[in-house]
Amino acid sequence: MLRLSALNPLTRSAPTAQVATALLRFNSTMNAPAYTMIKTEVQGRVAVITLDRPKALNALCSELFYEINDALSRYDNDTNVGAVVLTGSERAFAAGADIKEMKNAEFVNNYKTNFLGHWVEQISKMRKPIIAAVNGYALGGGCELAMMCDIIYAGEKAVFGQPEINLGTIPGAGGTQRLTHAVGKSKAMEMILTGSVNLDAQEAMAYGLVSKVFPPEKLLEETIKTAAKIASKGAVSVQMAKEAVNQAYELGLTSGLHFERRLFQATFATKDQKEGMAAFAEKRKPDFVHE
Ligand code: CAA
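I will try to describe carefully the structure that is included in this document. (Residues numbered from 1 in each chain as written. Predicted model: local features only at pLDDT ≥ 70, side-chain atom pairs only at ≥ 80, totals over all residues. Heavy atoms only, no water.)

Some remarks on the pairing of strand 5 (residues 130–134)
Regular strands place side chains that alternate from one sheet face to the opposite one.
Then, number 1: Judged by how many residues are buried, strand 5 sits mostly within the fold: five of five residues are covered.
Then, number 2: Taking every second residue as pointing to the same face, both faces of strand 5 are buried, with Ile130, Ala132 and Val134 on one and Ile131 and Ala133 on the other.
Then, number 3: Relative to strand 5, strand 3 (residues 83–87) is paired through four bridges, and the arrangement is parallel. For Val85, the partnering residue across the bridge sits in strand 5 and is Ile131.
Then, number 4: Two strands pair when backbone bridges link them, and strand 5 and strand 7 (residues 151–155) are joined in this way by four bridges, in the parallel orientation. Within the sheet, the bridge partner assigned to Ile131 lies in strand 7 and is Ile151. (Buried < 20%, exposed > 50% of the residue type's maximum accessible area, 1.4 Å probe, protein only. Helix = DSSP H or I, 4+ residues; strand = E, 2+ residues; numbered from the N terminus. Pairing = 2+ DSSP bridges.)

Notes on the environment of Ala94
Then, number 1: Inspection of the secondary structure assignment puts Ala94 in strand 4 (residues 92–94).
Then, number 2: Exposure remark for Ala94: the relative accessible area of 0% places this residue in the buried category.
Then, number 3: Each C-alpha atom, one on Ala94 and one on Leu145, is 8.3 Å from the other, the two residues being 51 residues apart in sequence.
Then, number 4: Excluding residues that lie within four positions of it along the chain, Ala94 makes contacts with Leu51, Leu57, Asn58, Leu60, Tyr137, Ala138, Leu139 and Gly142. (Contact = heavy atoms within 4.5 Å.)

Re the side chain of Thr113
Then, number 1: Looking at the secondary structure, you find Thr113 in helix 4 (residues 107–113).
Then, number 2: Thr113 sits in the buried class, given a relative accessible area of 15%.
Then, number 3: In this structure the side chain of Thr113 is engaged in a polar contact, spanning 2.7 Å, whose partner is the backbone oxygen of Asn109. (Polar contact = N/O pair within 3.5 Å; in protein donor to acceptor, adjacent residues only side chain to side chain.)

As for the packing of helix 11 (residues 235–247) against helix 12 (residues 253–267)
Then, number 1: Packing of helix 11 against helix 12 leaves a shortest axis separation of 10 Å and a crossing angle of 175 degrees. Between helix 11 and helix 12, the angle falls in the class roughly antiparallel. Every residue of helix 12 that contacts helix 11 at Met240, Glu243, Ala244 and Gln247 is listed here: Phe259, Leu263, Ala266 and Thr267.
Then, number 2: Considered class by class, the residues forming the contact of helix 11 with helix 12 number five nonpolar, two polar and one charged. (Axes fitted to C-alpha atoms, helices over the stretch in contact; angles between N-to-C directions. Parallel < 35°, antiparallel > 145°, perpendicular 65-115°, else oblique. Nonpolar A, V, L, I, M, F, W, Y, C, P; charged D, E, K, R; others polar.)

Some details on the site of the ligand
Then, number 1: Ala97, Lys100, Gly141, Glu144 and Glu164 are the nearest of the 24 residues found near the ligand.
Then, number 2: Separating an oxygen atom of the ligand from a side-chain N or O atom of Lys100 is a distance of 2.8 Å.
Then, number 3: In the model, an oxygen atom of the ligand is placed 2.8 Å from a nitrogen or oxygen of the Gly141 main chain.
Then, number 4: If the ligand stood free it would expose 980 Å²; the protein chains cover 65% of that surface.
Then, number 5: At the level of elements, helix 3 (99–102), strand 6 (137–139) and helix 6 (141–148) are the ones that each hand at least two residues to the shell around the ligand.
Then, number 6: When residues in the shell around the ligand are grouped by element, the largest group, three residues, is from helix 3.
Then, number 7: Tallied by class, residues from the shell around the ligand come to 14 nonpolar, four polar and six charged. (Near = heavy atom within 4 Å. Areas by Shrake-Rupley, 256 points an atom, 1.4 Å probe, with all protein chains shown as cover.)

Below, the structure written as structure tokens:
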């Protein structure tokens, strides 16, 4: 089995993006590879990906990200999976990009390999919903990774922050954009420019970054419950709803409403719309077939 580390853009000068894409396609057709930095399991129609690099507080090195992307790609293509949960440990969701790995990186290689570009590509392409279950530190790239997900649930001791300025750099995986959308300009500026104003779980919920807070030991269980609820709905309408909500970030209101209405109309071509509405009229639970 080819180790995913063979694709590390910081250690290889080969054109890694094409190789990585080919590998992801190749992997999605076979059994899960032996991951070294994540754990994966499927419970019913919910896939759970657990970041498992405890000694480095789940710092996001290239290999860890390739494994996350590989698993996400696999689950996005698996018709038995309806939603994905991404989580870390009780101490850290992820403490950011791996500072030790990238400290000697140079601009030219960053540019040529589109460093960090590969992080966001797979998550942004995911058609199925992903929920982040965040306990402990979600700093820098860890906060950005959580914000790439569709819903964030937090444990009571979660800490969200963008401390990159303390390292002489800035957020590079969406922090300046997604955090600003989530918490507004003033708070985002305060967090990103000082590098020391963090949000605890309750503050993150008050700002709308997080939608629910749980005791740490209950977080994963509750997140999986929500993921299972989503995965029990018709998969086509779930994906269309996700697509439509995401367009709210890209389009003006008139175009967004047009996009939404077209998808709404299209749901009437699915078996699940017929089943869902028939079940309501017949006062029974719908039995969705995800078609
Ligand atoms: N990269 C590499 N290693 C990291 C790391 C990171 N982001 N965060 C923690 N670690 C490592 C530490 O070096 C330490 O390793 P050793 O035991 O080998 O020394 C181990 O994880 C445990 O960390 P600490 O001893 O520091 O634990 P702590 O409880 O005292 O502090 C912490 C926890 C506050 C999270 C602290 O580790 C910290 O500040 N980490 C860095 C956070 C950060 O700056 N993140 C942003 C990274 S840049 C980025 O993410 C760019 C981007 O936008 C993509």
